[in-house]
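Residues per chain, in single letters:
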Amino acid sequence: MAIRISSRNARFQQLETLLTNRNKRHRAAEFIVQGVRPITMAVEHGWEVRSLLYDAERHLSQWARGVLAAHPHVEHVKMAPDLLAELAEKEDAELLAVVAMRPDDLDRIEAGPDFLGVVFDRPTQPGNIGAVIRSADAFGADCVITTGHAADAYDPKSVRATTGSFFATPVVRAPSSAEVMEWVTARRAAGLPLVVVATDEQGDGDISAYDLTQPVLLLVGSETTGLTRAWLDAADVTLSIPMTGSASSLNAANAATVLLYEARRQRLAK
């Protein structure tokens, strides 16, 4: 099905809310994906494409024509270039995708004997969520979980910051530590010796001296207040990242990257 949008009509405004209105985005259970690599990754990893929006006045690239041809039964939307640019938040965009969200179900996460996961507690910046997801993908993590009242992982800034890793790494939102710890308890009951590792400036040990080759769930706190007391109490161990200089702490996304790199380093060495 093909339609045309040449003015800021009701359909355009509906699409615009997917960028700007978190509540409406989640009620619709869909979000806008921008860029060649993110759209390609979404398709390769089997995410449901609901609509494809493209510039009605330009000769499309071979890549864009291929995406359209591969999805003949979804809504194709020919758009005026200036309207497409508004949704893309940049000039010269040729194709955007409206993609269905996946459920916030912790059982989507596969936890095998080499499990490595990250919890990002109450992140305030969507860009930081995206950076953590990108690092998680780069260093072989199995999931990223956000907990508590947090920025939206489906925010365009978050999805864009992942450069496509969003579609390769399961990302699940959980209300609090309680739901995640129920999932941890179930995995342990099934025989997985899963260790929960918190990070804090006043940790009991150095991350490099702790065995991160075992199945592990890494906890990273919010950018402003760190981990909640509930998470610190739930953790099996609290570790710190050794630092020199005048900095008292790292940006949350940077801290997560250091932790993931150390886990990957240890696993490769093993």
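Residues numbered from 1 in each chain as written. Predicted model: local features only at pLDDT ≥ 70, side-chain atom pairs only at ≥ 80, totals over all residues. Heavy atoms only, no water.

Draft legend 1. Structural detail: the layout of surface pockets. Of the pockets and cavities examined, the second largest pocket occupies roughly 190 Å³. What lines the second largest pocket is simply His-45, Trp-47, Arg-102, Arg-108, Ile-109, Glu-110, Asp-142, Phe-166, Phe-167, Ala-168, Thr-169 and Pro-170. The residue makeup of the lining of the second largest pocket, split by class, is six nonpolar, two polar and four charged. (1 Å grid on protein atoms, 1.4 Å probe; cavity = no way out; pocket = protein on both sides within 12 Å on 5 of 7 lines; lining within 4 Å. Points joined across faces, edges and corners; volume = space filled by probe spheres on them. Nonpolar A, V, L, I, M, F, W, Y, C, P; charged D, E, K, R; others polar.)

Draft legend 2. Just the pattern of salt bridges, in detail. Scanning the entire structure with this criterion turns up 13 salt bridges. Two residues, Arg-265 and Glu-262, come together in a salt bridge whose shortest N-O distance is 2.6 Å. Residue Arg-265 and its partner Glu-262 are both found in helix α10 (residues 252-269); the two are separated by three residues, about one turn of the helix. Each of the salt bridges in this network shares a partner with another, and the network as a whole consists of Arg-8, Glu-16 and Glu-86. (Salt bridge = Lys/Arg side-chain N within 4 Å of Asp/Glu carboxyl O. Helix = DSSP H or I, 4+ residues; strand = E, 2+ residues; numbered from the N terminus.)

Draft legend 3. Empty space enclosed by the protein, seen in detail. Counted under the stated rule, the structure contains one cavity of 30 Å³ or more. There is about 50 Å³ of room inside the largest cavity. Within the residue set of the lining of the largest cavity, elements represented by two or more residues are β2 (30-34) and α7 (156-161).

Draft legend 4. Structural view of the packing of aromatic side chains. Inspection of every chain in the model, using the stated rule, returns ten aromatic pairs. Summarising the aromatic geometry, the rings of Phe-31 and Tyr-154 are spaced 4.8 Å apart at their centres and angled 70 degrees between planes, so their arrangement reads as edge-to-face. Taken together, the residues span a long stretch of sequence, with Phe-31 in strand β2 and Tyr-154 in the loop between β7 (143-147) and α7 at a distance of 123 residues. Phe-31 sits in the buried class, given a relative accessible area of 0%. Judged by relative accessible area, which is 3%, Tyr-154 ranks as buried. Taken together through their ring pairs, the aromatic side chains of Phe-31, Trp-47, Tyr-154, Phe-166 and Phe-167 make up a single cluster. (Phe/Tyr/Trp six-rings, centres within 6.5 Å; stacked < 30°, edge-to-face > 60°. Buried < 20%, exposed > 50% of the residue type's maximum accessible area, 1.4 Å probe, protein only.)

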